Amino acid sequence: MKEIHIDKIRETVYDALLQINCELSNDVSEALLEGMKKEESEVGKSIFEDIVKNNNLAKEKQIPICQDTGMVVAFVNLGQDVHVVGGNISWAINQALKDAYKDGYFRKSVVSDPIERKNSMDNVPAVIHYDIVDGDEIEILLTAKGFGSENMSRLKMLKPSEGEKGVVDFVTETVSLAGPNACPPLFIGIGIGGTMEKAALLSKQALLRNANELNTDPYYADLEKKLLDRLNKLGIGPMGLGGRTTVLGVNIMTYPTHIAGLPVAVNICCHVNRHIKVKV
Amino acid sequence: MKEIIVDLPLDEDVISSLKAGDRVLLNGTIYTARDAAHKKMVEEMEKGRPLPIDIKNQTIYYAGPCPAKPGDIIGSIGPTTAGRMDSYAPRLIEKGLKGMIGKGERDDAVIDAMRKHKAVYFGAVGGAGALLKESVVSAEVVAYEELGTEAIRRLKVEGFPAVVIIDSSGENLYKTQAKKYKRTLED
Ligand code: SF4
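## Notes on the domain arrangement of chain A
Residues and elements named next belong to chain A. Taken domain by domain, chain A comprises domain 1 (2-22 + 65-145) and domain 2 (148-273). Each partner contributes residues to the interface: domain 1 has 10 residues there, and domain 2 has 12 residues. Scanning the region where domain 1 abuts domain 2 turns up one salt bridge. At the boundary of domain 1 and domain 2, one finds three residue pairs in polar contact (both at pLDDT 80 or more). Going through the elements one at a time, β2 (71-79) and β5 (138-145) are the ones with two or more residues in the side of domain 1 that touches domain 2. It is β5 that provides the largest number of residues to the side of domain 1 that touches domain 2, a total of four residues. Looking at the side of domain 1 that touches domain 2 residue by residue, the class counts come to six nonpolar, two polar and two charged.

## Overview of the sheet that holds strand β8 (residues 247-257) of chain A
Residue and element names in this part refer to chain A. Taken together, the four strands give an open sheet; going across it, the order is β6-β9-β7-β8, and neighbouring strands pair in mixed fashion. Two strands bound the open sheet, and with one partner strand each, they are β6 (154-158) and β8. In this sheet, neighbouring strand axes are inclined to one another by 15° on average, regardless of whether the strands run parallel or antiparallel. Where β6 meets strand β9 (residues 262-269), five bridges bridge the pair, whose relative direction is antiparallel. Counterpart to L158 in the pairing with β9 is L262. Contacts from helix α7 (residues 196-208) reach β6, β7 (186-194), β8 and β9 within the one sheet, and its direction differs from that of β7 by about 145°. Across the sheet, helix α8 (residues 218-231) touches β7 and β8, and the angle it forms with β8 is around 140°.

## Topic: the site of the ligand
For the ligand, the full set of nearby residues is C66, Q67, D68, G146, G148, S149, C183, C270, V272 and R274 of chain A together with K103 and G127 of chain B. This site is not confined to one chain, since residues near the ligand come from chains A and B. Counting atoms within 2 Å of the grid points, the majority share of the ligand lands in the largest pocket. A class-by-class count of the residues in the shell around the ligand yields four nonpolar, five polar and three charged. Two domains share the shell around the ligand, each providing at least three of its residues, namely domain 1 (2-22 + 65-145) and domain 2 (148-273) of chain A.

## Some details on helix α2 (residues 35-46) of chain B
All names here are of chain B. With 12 residues, α2 extends 17 Å from end C-alpha to end C-alpha; this agrees with the ideal 16 Å at 1.5 Å per step. Here α2 has its buried residues at A36, A37, H38, M41, V42, E44 and M45. Next to the buried residues of α2 lie β3 (59-61), α3 (89-94) and β7 (152-166). Taken from the residues just after α2, G48 is the one with a positive phi, measuring 75°.

## So, the interface of chain A and chain B
Listed as interface residues are 43 residues of chain A and, on the opposing side, 47 residues of chain B. Between chain A and chain B, the buried area comes to about 3,800 Å², and carbon and sulfur atoms account for 60% of it. Where chain A touches chain B, the interface holds one salt bridge. Residues K61 of chain A and E134 of chain B are paired through a salt bridge, measuring 3.1 Å at the closest nitrogen-oxygen approach.

## Quick look at the layout of surface pockets
Of the voids in this model, the largest pocket is the one considered here, and its volume is about 1,100 Å³. Lining the largest pocket are 45 residues; nearest its centre among them are S109, V111 and R117 of chain A together with R34 and E150 of chain B. By residue number, the principal contributor to the lining of the largest pocket is α2 of chain B, which donates five residues. For the lining of the largest pocket, the class distribution of residues is 15 nonpolar, 12 polar and 18 charged. When residues of the lining of the largest pocket are assigned to domains, at least three map to each of domain 1 (2-22 + 65-145) and domain 2 (148-273) of chain A. The volume enclosed by the second largest pocket comes to roughly 600 Å³.

The rules behind the values
Residues numbered from 1 in each chain as written. Chains lettered and ligands numbered in written order. Predicted model: local features only at pLDDT ≥ 70, side-chain atom pairs only at ≥ 80, totals over all residues. Heavy atoms only, no water. Domains from an automatic or database assignment. Contact = heavy atoms within 4.5 Å. Salt bridge = Lys/Arg side-chain N within 4 Å of Asp/Glu carboxyl O. Polar contact = N/O pair within 3.5 Å; in protein donor to acceptor, adjacent residues only side chain to side chain. Helix = DSSP H or I, 4+ residues; strand = E, 2+ residues; numbered from the N terminus. Nonpolar A, V, L, I, M, F, W, Y, C, P; charged D, E, K, R; others polar. Pairing = 2+ DSSP bridges. Axes fitted to C-alpha atoms, helices over the stretch in contact; angles between N-to-C directions. Near = heavy atom within 4 Å. 1 Å grid on protein atoms, 1.4 Å probe; cavity = no way out; pocket = protein on both sides within 12 Å on 5 of 7 lines; lining within 4 Å. Sits in = over half its atoms within 2 Å of the grid points. Expected span 1.5 Å × (residues − 1). Buried < 20%, exposed > 50% of the residue type's maximum accessible area, 1.4 Å probe, protein only. Buried area = accessible area lost by both parts, 1.4 Å probe. Points joined across faces, edges and corners; volume = space filled by probe spheres on them.

In structure tokens, the structure reads:
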């Protein structure tokens, strides 16, 4: 059995969090440049320019792209032939998060209790999901999720008879309601199937996939393209000031579901779509 | 499009001249306040106590910055969603607040108060915190330090770029612009 020390996990997560808050991944930067090319509105174009300027500045000065450095979500795919030594993985991730947010001068946006609302002052804890997979590696997918867009996300238990049309309508309605609040242009993660919580998880995982990577199933790849086209007819545009580019990417993930149900979750992400996949 | 230079605090003539869609560069003093600071301010008002800052004629920026790196004035600072302050904003507008900077829709009660008391809602580019930080020339915490990023800060800005989203007549840019680009969705 391969041994992996938690210090290695801690270092990897620390570096990844410092990086994603100051520098966008290539798929997201490219999607922004593509969007800028397509935008017809003059105001929309100038907002794209500001966004690109902002992102370059953040990278060059190593300062956060957006002041909302988010709540950290981690998906840990733990190879079943790995033996983790030196302590607890969740502890290591949270410790890395605490250190990265302090050393990076990132904003502390987490409150320790949802009703009492006292800031934890260290952005801890992360939301951590685990999966056991084959192999002797640990793969960690990370995002720093901003809440302007998280707040506009929705979930609905559709009737099976509503089918594809039900899904398309619900996604369209959700993006339309998000409007300018979610910092458009947006990325849309959609989870279809499973149970209530599974659909929600899938929608977050969909946002962690590369923005330009289509679903491997041709039916869903086609639905992703159709939705992208449809959502860009809403006219919301960059900053909500009108335009052709409301959405830069749509990713769908699915799971088998019950004969009686069709859960759909729509996780909305702003143009500051911070994600990374690292291996330990 | 040409930007209009706007000095803060806003004066009455300027407020009435600003129209939804105008691109502006703001110069002068603004105060940051978001969820927690608004809750506290309104609680103080309900108890009949004075506010920690005199908001008469002032502009509030709905924002919570990142901490400043050594040698910097402030960290990244872009707008947060204004709608979360809608339940508090009319009370502050009645007390003399003249400008708000944020992102996203406002509710009818806020727009009514803006129309009645002549106030302006500006939008800044959401997610452009690193760029907006550049126009901040000084920053100090003036109230509720214990709230961390949510404390009230007095900022001096020079050339802070914004767009008039809702003007003092209630005209709303979000409503008029998205319509221009909306196409019919075939089923
Ligand atoms: S929604 Fe995204 S871009 Fe907008 S403020 Fe939050 S993190 Fe920043």
